Amino acid sequence: MRIQRSNAIMTIACGSLVLGGCANTASGYRPIVDGYEDEAYHADLADCQALAKTKRYDNGDTKTSALAGAVVGGAVGAIEDDSVEGAIVGALLGGLIGGASGAADTRTDRKDIVIRCMSGRGHAVVG
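Now for a look at the structure at hand. These numbers were taken from a predicted model, which means no experiment stands behind them.

**Focus: the nonpolar core**
And then number 1: Residues Y29, V33, Y41, L45, C48, A52, I113, V114, C117 and M118 constitute the largest nonpolar core, which totals 10 residues.
And then number 2: At the level of elements, α2 (39-53) and α4 (84-120) are the ones that each hand at least two residues to this core.
And then number 3: In contact with V114, not counting residues within four places along its chain, are A26, S27, Y29, P31, L45, C48, Q49 and A52.

**Concerning the packing of α2 against α4**
And then number 1: Running from N to C, α2 and α4 point in directions that differ by 145°, and their axes come no closer than 9 Å. Regarding α2 and α4, the two cross each other, and that crossing is right-handed. Touching Y41, D44, L45, C48, Q49, L51, A52 and K53 of α2 are R110, I113, V114, C117 and M118, all from α4.
And then number 2: Split into classes, the residues belonging to the contact of α2 with α4 amount to nine nonpolar, one polar and three charged.

**Topic: the pattern of salt bridges**
And then number 1: As enumerated under the stated definition, the model contains four salt bridges in all.
And then number 2: R30 is the salt-bridge partner of E37, the closest N and O atoms lying 2.4 Å from each other.
And then number 3: For R30, a relative accessible area of 44% puts it in the partly exposed group.
And then number 4: Ionic pairing is found between D47 and R121, a salt bridge with its closest N-O pair at 3.1 Å. In this pair, D47 sits in helix α2 while R121 sits in the segment after α4, placing the two residues 74 residues apart along the sequence.
And then number 5: The exposure class assigned to R121 is partly exposed, which follows from its relative accessible area of 39%.
And then number 6: Salt bridges here are not isolated pairs; linked through shared partners, they connect D44, D47 and R121.

**Let's talk about the state of the cysteines**
And then number 1: Counting across every chain of the model gives one disulfide.
And then number 2: Here C48 is linked by a disulfide to C117, with a sulfur-sulfur distance of 2.1 Å. Around the S-S axis, the bridge from C48 to C117 shows a dihedral of about -75° and counts as left-handed. Within this pair, whereas C48 is found in helix α2, its partner C117 is found in helix α4, the two being separated by 69 residues in sequence.
And then number 3: Overall, C117 belongs to the buried group, its relative accessible area being 12%.

**Looking at the side chain of D44**
And then number 1: You can see D44 is positioned in helix α2.
And then number 2: On the basis of relative accessibility, which here comes to 15%, the residue D44 falls in the buried class.

**Side note on a nonpolar patch on the surface**
And then number 1: A cluster of nonpolar residues, V84, I88 and L92, forms a patch on the protein surface that exposes about 300 Å² of accessible area.
And then number 2: Its location among the elements puts V84 in helix α4.

**A few points about helix α3 (residues 60-81)**
And then number 1: The first and last C-alpha atoms of α3 sit 31 Å apart over 22 residues, in line with the 32 Å expected at 1.5 Å per residue.
And then number 2: Within α3, the full set of buried residues consists of T62, G69, G73, G74 and G77. The arc that holds every buried residue of α3, seen down its axis, measures 140°, which confines them to one face. Summarising the geometry of α3, the exposed residues directed more than 90 degrees from the buried face are D61, T64, L67, V71, V72 and I79.
And then number 3: Turning to α3, the residues buried within the fold contact α4.
And then number 4: At the C-terminal side of α3, D82 shows a positive phi close to 55°.

Conventions used here
Residues numbered from 1 in each chain as written. Predicted model: local features only at pLDDT ≥ 70, side-chain atom pairs only at ≥ 80, totals over all residues. Heavy atoms only, no water. Core = buried A, V, L, I, M, F, W, Y, C linked by side-chain atoms within 4.5 Å. Buried < 20%, exposed > 50% of the residue type's maximum accessible area, 1.4 Å probe, protein only. Helix = DSSP H or I, 4+ residues; strand = E, 2+ residues; numbered from the N terminus. Contact = heavy atoms within 4.5 Å. Axes fitted to C-alpha atoms, helices over the stretch in contact; angles between N-to-C directions. Left-handed = near helix turned anticlockwise from the far one by under 90°. Nonpolar A, V, L, I, M, F, W, Y, C, P; charged D, E, K, R; others polar. Salt bridge = Lys/Arg side-chain N within 4 Å of Asp/Glu carboxyl O. Disulfide = S-S within 2.5 Å. Patch = residues over 30% accessible without salt bridge, like charges linked within 9 Å, V, L, I, M, F, W, Y side chains within 5 Å. Areas by Shrake-Rupley, 256 points an atom, 1.4 Å probe, with all protein chains shown as cover. Expected span 1.5 Å × (residues − 1). Arc of directions from axis to C-beta.

So, to be careful, I would describe these as geometric facts and stop short of saying anything about function.
Quick look at the structure:
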């Protein structure tokens, strides 16, 4: 049981570091445009990136994913280990996985916000 608990703690710690490292990615996305990267482009890009940052990682969708993961993980942990400890470890791991999934969706949303914003400002975004 002690090994399982230390593995769970290491997994949670590593997952937290990974999620923390991705916190500002995607809002800093720089799309490829067909055209010149002049002063207007850079001003629009800065505005669009700032807009993308308003989509927070701790939004309702991410919280729901983390909660669902925790519930499923807790149930699986309780069944597999037949103990309260197993349920707690399962809930922690499930919550981490669910939260990571929600954060990945938010990262994609932030990138899409930059692309749509730049397109809306007249830039021919190609990638």
